[in-house]
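# Summary of the model geometry
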Amino acid sequence: MAFSDLTGQKSIKSRLASAVSEKRSGTFMFTGPIGSGRHAFAEEFAKALMCSDPGTDGACGKCDCCKYFGAGTTPDIMRVYKPSETKNVKVSFIKESVVPEAVLRPQFSKTKVFILDLDYLGTESQNALLKSLEEPPAHVVFILLSSNRDMVLDTVISRATEIKLEPYTNDEIIEIVKKNVPECPAQTLTIAAANSGGVPGKAIEIAKQGEDTDLKREVADMFLDLPEATYFKILNDDAAFMADRKADAVAVACNILLLIDDLMRLKGVPGYKNISFADHRTRLEKLAGSSKVDNVRLGKCAGAVKDFLKALDVNANFDAASCAMLLKIHEELNK
Ligand SMILES: [Zn+2]
């Protein structure tokens, strides 16, 4: 692995390469939403800092340091991530393990690296680190990660060189999802990328949830009943289904978009082969063949799903948002 193995973030890669060649001590902070690649970039940066012969593309991948790094056996890196038992890392761990360790020189590599996820470091822990962050000894680098800059002390921010991950392009998102979910069908890939907000982790999540076949079947059954459903059924049974599946709401929405996509394809090319919901072909074809269904109405249905996804992003009332979406689809397909 080298910087070029990571997708996107061109300017960050060149900044990291010059940081590797210029200095081997200091504090860096990667900021960006969850799923934006902070951990992947931090690991690759750490590897390059520890490498005996790094180049413009980061670590050489051949030296002993790189080999030990790859095998997970180097003593010169400490990672402080999400603890398994407590919400946050204990302050005593920072004071007794991280701070004393930071004054020691690396044993083996060129640089000693600490990667700390600030999302799990409370105010007291961040305070306990201040002195170490301010004057790290030569050959010591701190790499901090944060998905929420507002939770980071100003005194920490002022001591760090901030590296902000930028939103990824559609093509970059698709490339990353393909690497992580190789079996993902093309239609799901397109929808995952379009609804990811430029965050690859979110697109991967949507693509993986698309593989839940039980969910797919349940969503298809509900959706295909919608045109003929009574208001009573929609506001009771269907709303209850949405509430039960609240944790998978993005996947539910993604599946509805795929169903609408199937209808559009069947409407355009009767008998179209490559639909996402092949198990529901008969009912989809019947609906697509109905005079009630046309592309304008299907477009409005897709708009309702996108409004629902937007509502999820801003934490709007879930029941209200899901009922609004279901009723809109019912109205459009029942005219
Ligand atoms: Zn190397």
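Residues numbered from 1 in each chain as written. Predicted model: local features only at pLDDT ≥ 70, side-chain atom pairs only at ≥ 80, totals over all residues.

Within the chain one finds 15 helices and 5 strands. For the chain, with 335 residues in total, the buried portion stands at 39%. Here the contacts in the chain between residues at least 6 apart in sequence split such that 74% fall between residues at least 24 apart. (Helix = DSSP H or I, 4+ residues; strand = E, 2+ residues; numbered from the N terminus. Buried ≥ 20, exposed ≤ 12 C-beta atoms within 10 Å, placed from the backbone. Contact = placed C-beta atoms within 7 Å.)

Counted at 1.5 Å a residue, the expected span for helix 14 (residues 295-313) with its 19 residues is 27 Å, and the 27 Å between its end C-alpha atoms agrees. Once helix 14 finishes, asparagine 315 follows within two positions and takes phi at roughly 60 degrees, a positive value. (Expected span 1.5 Å × (residues − 1).)

On to the packing of helix 7 (residues 170-180) against helix 8 (residues 186-194). Closest axis-to-axis distance for the helix 7/helix 8 pair is 9 Å, and the angle between their directions is 125 degrees. With respect to helix 8, the axis of helix 7 lies oblique. Considering only the axes of helix 7 and helix 8, their crossing is right-handed. Residues Asn170, Ile173, Ile174 and Val177 of helix 7 pack against Leu189, Ala192 and Ala193 of helix 8. For the contact of helix 7 with helix 8, the class distribution of residues is 6 nonpolar, 1 polar and no charged. (Axes fitted to C-alpha atoms, helices over the stretch in contact; angles between N-to-C directions. Parallel < 35°, antiparallel > 145°, perpendicular 65-115°, else oblique. Left-handed = near helix turned anticlockwise from the far one by under 90°. Nonpolar A, V, L, I, M, F, W, Y, C, P; charged D, E, K, R; others polar.)

Below, the discussion takes up the domain arrangement of the chain. Each assigned domain of the chain is listed with its residue range as follows: domain 1 (3-164) and domain 2 (212-333). The gap between the C-alpha centroids of domain 1 and domain 2 is 44 Å. (Domains from an automatic or database assignment.)

A few words on the nonpolar core. If you look at soluble globular proteins, the nonpolar side chains tend to sit buried side by side. In terms of nonpolar packing, the biggest core is built from 48 residues, with Val177, Ile256 and Leu263 touching the most fellow members. Residue assignment for this core shows that the elements contributing at least two residues are helix 7, helix 8, helix 9 (200-209), helix 10 (213-225), helix 12 (249-268), helix 13 (281-289), helix 14 and helix 15 (318-333). Among the elements that take part in this core, helix 12 stands out by supplying 11 residues, more than any other. Core analysis: the second largest hydrophobic core is formed by 44 residues, Phe30, Cys51, Val98 and Leu116 among them. (Core = buried A, V, L, I, M, F, W, Y, C linked by C-beta atoms within 7 Å.)

Attention now goes to the sheet that holds strand 2 (residues 77-80). One open sheet accounts for 5 strands, arranged 2-3-4-1-5; its pairing is parallel. Each edge of the sheet is formed by a strand with only one pairing partner; in this case those strands are strand 2 and strand 5 (161-164). Mean inter-strand twist for the sheet, computed between neighbouring axes without regard to direction, equals 15 degrees. Sheet topology places strand 1 (residues 26-31) next to strand 5; 4 bridges connect them, and they run parallel. Counted as the bridge partner of phenylalanine 30 is isoleucine 163 from strand 5. (Pairing = 2+ DSSP bridges.)

What follows concerns unusual backbone geometry. In this model, glutamine 9 sits at a positive phi of 55 degrees, which is unusual for a non-glycine residue. With respect to the helices, strands and loops of the structure, glutamine 9 is situated in the segment before helix 1 (10-22). By C-beta crowding, glutamine 9 is classed as buried, having 22 other C-beta atoms within 10 Å. Located in the positive-phi region is histidine 139, a residue other than glycine, with phi close to 70 degrees. Along the polypeptide, histidine 139 turns up in the loop between helix 5 (123-134) and strand 4 (140-146). Take histidine 139: there are 17 C-beta atoms within 10 Å of it, and that puts it in the partly exposed class.

A separate point is the environment of threonine 161. Tracing the sequence through the fold places threonine 161 in strand 5. It is 8.3 Å that separates the C-alpha atoms of threonine 161 and glycine 26, two residues lying 135 residues apart in sequence. The residues contacting threonine 161, other than those within four sequence positions of it, are Gly26, Thr27 and Phe28.

With that out of the way, let us pick up the packing of helix 8 against helix 9. Orientation of helix 8 relative to helix 9, taken along the N-to-C sense of each, is 145 degrees, at an axis distance of 8 Å. For the pair helix 8 and helix 9, the sense of crossing is right-handed. For the pair helix 8 and helix 9, contact is made by Thr188, Leu189, Ala192 and Ala193 and by Ala203, Ile206 and Ala207, respectively. Along the lines of polarity and charge, the residues of the contact of helix 8 with helix 9 split into 6 nonpolar, 1 polar and no charged.

Examined against the element boundaries, lysine 82 turns out to sit in the loop between strand 2 and helix 4 (91-101). A count of 11 C-beta atoms within 10 Å places lysine 82 in the exposed class. For the pair lysine 82 and leucine 121, spaced 39 residues apart in the sequence, the C-alpha separation amounts to 9.0 Å. Those residues in contact with lysine 82 that sit more than four places away from it in its chain are Asp117 and Tyr120.

This brings us to helix 15. Here helix 15 is 16 residues long and its end C-alpha atoms lie 23 Å apart, about the 22 Å a rise of 1.5 Å per residue gives. Along helix 15, the positions that sit buried rather than exposed are Ala321, Ser322, Met325, Leu326, Ile329, His330, Glu332 and Leu333. Buried-residue contacts for helix 15 involve helix 11 (231-244) and helix 14.

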